[in-house]
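Structural features, examined
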Amino acid sequence: MITRHKIFLVLLLYSFGFSRDLKILHMEGTFDLDEDGQYEFVAVEFDRINGHSVSMIRYYEIDIDGFQNLTWELELPDGLLGSFVGVRLADLVGDGVPELIAVANLSANGDGTILQPIIFYYKWYDDGFGETPAGFLNLGDEKGFVRCNNFDVFNLDNDDDQEILLSLGSPLRGLSIIDLDEEGNLTMIERLEPSALKTGIGFVYGAALDWNRDGYDEIISFSPEGNVMKIQPYFNRNGRLVLGESKQVIITGMNGPLPMSLAVSDWDSDGFKDVLLPFQSGHVVSMTLSPATVAVEVLPVDAGPLSDMNVVDINLDNVADLLLISGEMNMITMVMGSLDAVDLETSYFTLETESTGAQVFATIPVTDGGDYTGFIIASSWDGEESSVFLTELGKPEIKMSVPDEEDIVAALDEQIDLIDLFPEIKHAMDLPKMPKPITTIGQHLPQDVLPRHVLSLNQLFTYKIPEDEAREFYSFRWLIPPPKGMFFHYESRSIQWVPDDTQLGAYKLGYRIEMKVGESVSLEATIRDSLLTYQMVPELEGYDEYVWIYVNDPPMFLTAPIGTEFVSNTTFAYTPVVRDRNIDTRVKYYLELAPEGMVLGENGSLVWETDSADVSVYDVRLVATDGFDRDVQEFKLFARAGVKIISSAPTDWKVNQPYQYQVEVWRPELAQEM
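Bear in mind the structure is a predicted one, so any value in this text is a computation, not a measurement.

Judged by nonpolar contacts, the single largest core of 27 residues is most densely connected at F476, W478, I495, W497, Y511 and I549. Of all the elements, strand β39 (residues 505-526) adds the most residues to this core, at 5 residues. Of the residues that make up this core, three or more belong to each of domain 2 (303-395) and domain 3 (453-552). Aside from chain neighbours lying at most four places away, what touches W478 is P305, E328, M329, M486, F487, F488, I495, L509, G510 and Y511.

What follows is about the pairing of strand β48 (residues 616-625). Where strand β45 (residues 588-593) lies against β48, 5 bridges are found, and the strand directions are antiparallel. Of the residues in β48, the one forming a bridge with K588 is T625. For β48 and strand β49 (residues 630-640), the ladder comprises 10 bridges, and the chain directions are antiparallel. Counted as the bridge partner of V620 is F635 from β49.

Take the environment of F154 next. For F154, the position within the fold is in strand β13 (residues 148-154). You can call F154 buried: its relative accessible area is 0%. C-alpha of F154 to C-alpha of A207: the two residues are 53 residues apart in sequence and 8.8 Å apart in space. Leaving out residues up to four positions away in the same chain, F154 has contacts with Q162, E163, I164, L165, I177, A208, D217 and I219.

Our next topic: the sheet that holds strand β38 (residues 494-497). Strand order in the open sheet made by the 3 strands is β35-β38-β37, with antiparallel pairing throughout. Of all the strands in the sheet, just β35 (461-464) and β37 (487-489) have a single pairing partner and so form its edges. Ignoring strand direction, the axes of neighbouring strands in this sheet form an average angle of 30°. Sheet analysis places β35 next to β38, joined by 4 bridges and oriented antiparallel. From the neighbouring strand, F461 faces β38, where its bridge partner is W497.

Moving on: the pattern of salt bridges. The tally for this structure, following the rule as stated, stands at 15 salt bridges. Notably, a salt bridge pairs R581 with D501, separated by 4.0 Å at the nearest N-O pair. Within this pair, whereas R581 is found in the loop between β44 (578-579) and β45, its partner D501 is found in the loop between β38 and β39, the two being separated by 80 residues in sequence. Relative accessible area serves as the criterion here: at 36%, R581 is assigned to the partly exposed category. Note that R581 and D553 form a salt bridge whose closest N and O atoms lie 3.1 Å from each other. Placement of the pair is R581 in the loop between β44 and β45 and D553 in the loop between β40 (531-552) and β41 (556-557), with a sequence separation of 28 residues. Of the residues examined, D553 reaches a relative accessible area of 3% and is grouped as buried. Taken together, the shared-partner salt bridges in this structure form one network comprising E592, R621, R630 and E634.

Below, the discussion takes up the sheet that holds strand β15 (residues 174-180). Read across the open sheet, the 4 strands follow the order β13-β14-β15-β16; overall the sheet is antiparallel. The outermost strands of the open sheet, each flanked by one partner alone, are β13 and β16 (186-192). Within this sheet the neighbouring strands show an average axis-to-axis angle of 25°, counted without direction. In this structure, strand β14 (residues 163-168) lies alongside β15, joined through 5 bridges in antiparallel fashion. Within β15, the residue paired with I164 across the bridge is I178.

Basis of the calculations
- Residues numbered from 1 in each chain as written.
- Predicted model: local features only at pLDDT ≥ 70, side-chain atom pairs only at ≥ 80, totals over all residues.
- Heavy atoms only, no water.
- Core = buried A, V, L, I, M, F, W, Y, C linked by side-chain atoms within 4.5 Å.
- Buried < 20%, exposed > 50% of the residue type's maximum accessible area, 1.4 Å probe, protein only.
- Helix = DSSP H or I, 4+ residues; strand = E, 2+ residues; numbered from the N terminus.
- Domains from an automatic or database assignment.
- Contact = heavy atoms within 4.5 Å.
- Pairing = 2+ DSSP bridges.
- Axes fitted to C-alpha atoms, helices over the stretch in contact; angles between N-to-C directions.
- Salt bridge = Lys/Arg side-chain N within 4 Å of Asp/Glu carboxyl O.

Read these as layout, nothing more, since geometry by itself doesn't imply function.
Here it is, written out as structure tokens:
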């Protein structure tokens, strides 16, 4: 059932909405394929219903009254399980009219062990996209598990039509290039196997860009594997792809790539196009292709855990700007591009709706002829319903000289045209800014507080939200900004984080969880059309949870004892040096194995006064612990007996005669035997 309601953003803004049971993951647009002057966009939607995944592609148009109309949708064929990888509009035929391309990972008959990537394309007609696909292709072998991770469209041979680039996971771990044959059928024309990505634990992705602007698109294949980004490019030599030099870069803490939000743009205006890849952990990685290498950098932005990213020239200064969306924090970060990438102007905005608990997860900028209009289309989700609305954001101020009366009349006419298109907009307004979110950093662990989780450096931490049959997950929202890199993974219902060396210490996490415990039926009566509508309303139970976690650097022995072999009846002493980089560390020491009489000091120092009877080999095991982790140092002590010369050498001797002297020694063990 489609419902129309208004969205509040502190002040009342123009909006259009609908009630759906699917969450919008990503939107592509805006378009005007039917040339009626109204905005159109396509969305990838997904949700879990009764434990099953539901995925759809939907095409919408904003009508003259400012409401959103569903004009076309694509759902998975009956009997098949899976989800859509993404959707794109591209001209595959070369006639100037784009086709809709969708890729899905599907499994037949509920067999999740055999996953097959299938690509569909639909032609555009005067009244919309066709009901049946103009072509489809199964890229699997119908026997094994093959997964498509993302896809892109590009121009391989510098002609009027575009080709499709798909990335495939294990066991293939490569890229496939798809084109149309003379009969309009999808066919694979080439398969690429990047040697640097042939083995690995991460997914393989691909992106296309024309780095030298010669009309032939190059390809960058990459695979994030933990803290390592593996990259291998392909250069396009007049339609022939040539393998380039591979590269590996360490990016600490990156986790959860968002391939549907991948963008190609000359971000830093250096003349080379960049592939921008956002991560749920908040990282935005830039990969720039050049003849010599692939330059990789992490953009200096801090927008919290990300759910979407848009690249658009907001202030029309010919420099690309970023819109970074954090659904978990219900926040939009606007980063204005600059030739100086060190000091970027950043603004933060929050979107408040009249739907309690709704959070914005995806946006698209509205453009006209490639220029930003000052409006964005945003999609929010409250766990049960999606709402889509239009609002102003970062509309550039145009400085003009004082106009005459005719110019004022013309400007007013243009404003009236805008109001006619969006009748509920009474006057122009910007999103209210919010202060920069507090940066959460490690702190001293308060006294009498025991952390629920102790984390190790550079290792993935996962905390899954508990669910049961009576309580189904509904929504998640941060109450306290999480530390940089931490995010909530909606598919697995878990908090994930890879802390790095700069994030030691204690953190207090605060979040709100809504659980669905049942449903009730609500009756709505509409007087205008005399309709009765029954709506299922979820019954929710929510709770706020605050959890202490601790990122620990385990103690480590940096020294080893010297002089472990000595004469008995002497003193052995050793003071270890232990490193623990936590600011509130309190290292304690224990002797788990030691000779009798050895004394342990508070700082870990060892002192052992031996006597002549302590002649043997002794094992020592010294433990350093900070209460969470420990390090062990083991070594052996060799106490040997002393030796004494009891004879005296003769002092008189004769010339030209050999000098002989028998040395007599005393050892304790010999004396005891005697």
